[in-house]
Amino acid sequence: MSIETPAASQRPDSPGVRFMPPFLFYPCILLGPALGFLLPEPAIPLPAAACAGLGIALFAAGFVFMMWGHNRFTSLGVNVKTVLPASMLVTGGAYRYSRNPMYVGMVALLAGAGAVPGGLWGLLGALVMALYLALIVVPREESYLLRTFGAEYETYRRAVRRWL
């Protein structure tokens, strides 16, 4: 005999990602400066002005792409939080180019911020975020979207790349 608790039976279906990516973003952006304070930092083999220029451009592009995806969700009234159910499959706007524009933008933002000072430690935060997204978040979300939207999601998945 199985007894279901009220909390479990009332929990909405979702991707099940309890540690939402924005919560990891902040420690990742601090990772580079923290390591730079503790350890000698290997330099990016480019002139400082090039690192700063590329970093700023990557940061700006990441921010714009991330917000394009986020604004598409909010304008349609779709939940952004990974612990809430999706009310519809979003395929327009930035989602025509990437199935995960908010995550692509977040990683680009971290990489850009890390590249500006010209050291490699700052790029480590982007790597940590990318690994968390690729290995934990996106597989759960894709499984949920396939379960929720079936053939519609499968068609979209075949037509649009996961990242870029």
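The coordinates are above.
Residues numbered from 1 in each chain as written. Predicted model: local features only at pLDDT ≥ 70, side-chain atom pairs only at ≥ 80, totals over all residues. Heavy atoms only, no water.

Asker: How do you make sense of the layout of surface pockets when you look at a structure like this?
Answerer: To find leftover empty space, one rolls a probe the size of a water molecule over the atoms. In this structure, the largest pocket spans a volume of roughly 720 Å³. Lining the largest pocket are 35 residues, and of these Phe-73, Val-80, Met-102, Tyr-103 and Glu-141 sit closest to its centre. At the level of secondary structure, the elements contributing two or more residues to the lining of the largest pocket comprise α2 (21–38), α3 (48–76), α4 (101–115), α5 (121–149) and α6 (151–159). Residue composition of the lining of the largest pocket, grouped by class: 27 nonpolar, 4 polar and 4 charged. (1 Å grid on protein atoms, 1.4 Å probe; cavity = no way out; pocket = protein on both sides within 12 Å on 5 of 7 lines; lining within 4 Å. Points joined across faces, edges and corners; volume = space filled by probe spheres on them. Helix = DSSP H or I, 4+ residues; strand = E, 2+ residues; numbered from the N terminus. Nonpolar A, V, L, I, M, F, W, Y, C, P; charged D, E, K, R; others polar.)

Asker: Please clarify how a nonpolar patch on the surface should be interpreted in this entry.
Answerer: A cluster of nonpolar side chains, contributed by Trp-68, Tyr-97, Trp-163 and Leu-164, occupies part of the molecular surface with about 420 Å² of accessible area. Inspection of the secondary structure puts Tyr-97 in the loop between α3 and α4. (Patch = residues over 30% accessible without salt bridge, like charges linked within 9 Å, V, L, I, M, F, W, Y side chains within 5 Å. Areas by Shrake-Rupley, 256 points an atom, 1.4 Å probe, with all protein chains shown as cover. Salt bridge = Lys/Arg side-chain N within 4 Å of Asp/Glu carboxyl O.)

Asker: Please explain α2 as it appears in this structure.
Answerer: For the α-helix, the turn length of 3.6 residues means that residues three or four positions removed from each other point alike. The first and last C-alpha atoms of α2 sit 26 Å apart over 18 residues, in line with the 26 Å expected at 1.5 Å per residue. Turning to α2, its buried residues number three or more, namely Pro-21, Leu-24, Phe-25, Cys-28, Gly-32 and Leu-35. Along its buried surface, α2 packs onto α4 and α5. (Expected span 1.5 Å × (residues − 1). Buried < 20%, exposed > 50% of the residue type's maximum accessible area, 1.4 Å probe, protein only. Contact = heavy atoms within 4.5 Å.)

Asker: I tried to follow the pattern of salt bridges on my own but got confused; where do I start?
Answerer: Here the idea is simple: oppositely charged side chains can pair when their charged atoms come close. Within the structure shown, the criterion is met by 4 salt bridges. Across the pair Glu-142 and Arg-162 runs a salt bridge whose closest N-O atoms are separated by 2.5 Å. Linking Glu-142 in helix α5 with Arg-162 in the segment after α6, this pair joins segments that are 20 residues apart in sequence. Measuring nitrogen to oxygen at the nearest pair gives 3.3 Å for the salt bridge that ties Glu-154 to Arg-158. Remark: Arg-158 and Glu-154 occur in helix α6; sequence separation between them is 4 residues, near one turn of the helix. Among the charged side chains, a salt-bridge network with shared partners connects Arg-99, Glu-142 and Arg-162.

Asker: I keep staring at the side chain of Ser-98 and nothing clicks. Help me out?
Answerer: Of note, Ser-98 is situated in the loop between α3 and α4. The exposure class of Ser-98 is buried, given its relative accessible area of 0%. Within the structure, the side chain of Ser-98 is placed 3.4 Å from the backbone oxygen of Arg-162, a separation counted as a polar contact. Residues in contact with Ser-98, not counting those within four places in the same chain, are Phe-65, Val-104, Tyr-156, Val-160, Arg-161, Arg-162, Trp-163 and Leu-164. (Polar contact = N/O pair within 3.5 Å; in protein donor to acceptor, adjacent residues only side chain to side chain.)

Asker: Hey, could you run me through the packing of α3 against α4 in this one?
Answerer: Two quantities define a packed helix pair, namely the angle between the helix axes and the distance between the axes. Relative orientation of the contacting elements α3 and α4 amounts to 160 degrees, with a least axis distance of 7 Å. As summarised for this structure, α3 and α4 are arranged roughly antiparallel, according to the angle between their axes. As for how α3 packs across α4, the hand of that crossing is left-handed. Here Cys-51, Ala-52, Gly-55, Leu-58, Phe-59, Gly-62, Phe-63, Phe-65, Met-66, Gly-69, His-70 and Phe-73 of α3 come into contact with α4, specifically with Pro-101, Met-102, Val-104, Gly-105, Met-106, Ala-108, Leu-109, Ala-111, Gly-112, Ala-113 and Ala-115. Residues of the contact of α3 with α4, tallied by class, amount to 17 nonpolar, 6 polar and no charged. (Axes fitted to C-alpha atoms, helices over the stretch in contact; angles between N-to-C directions. Parallel < 35°, antiparallel > 145°, perpendicular 65-115°, else oblique. Left-handed = near helix turned anticlockwise from the far one by under 90°.)

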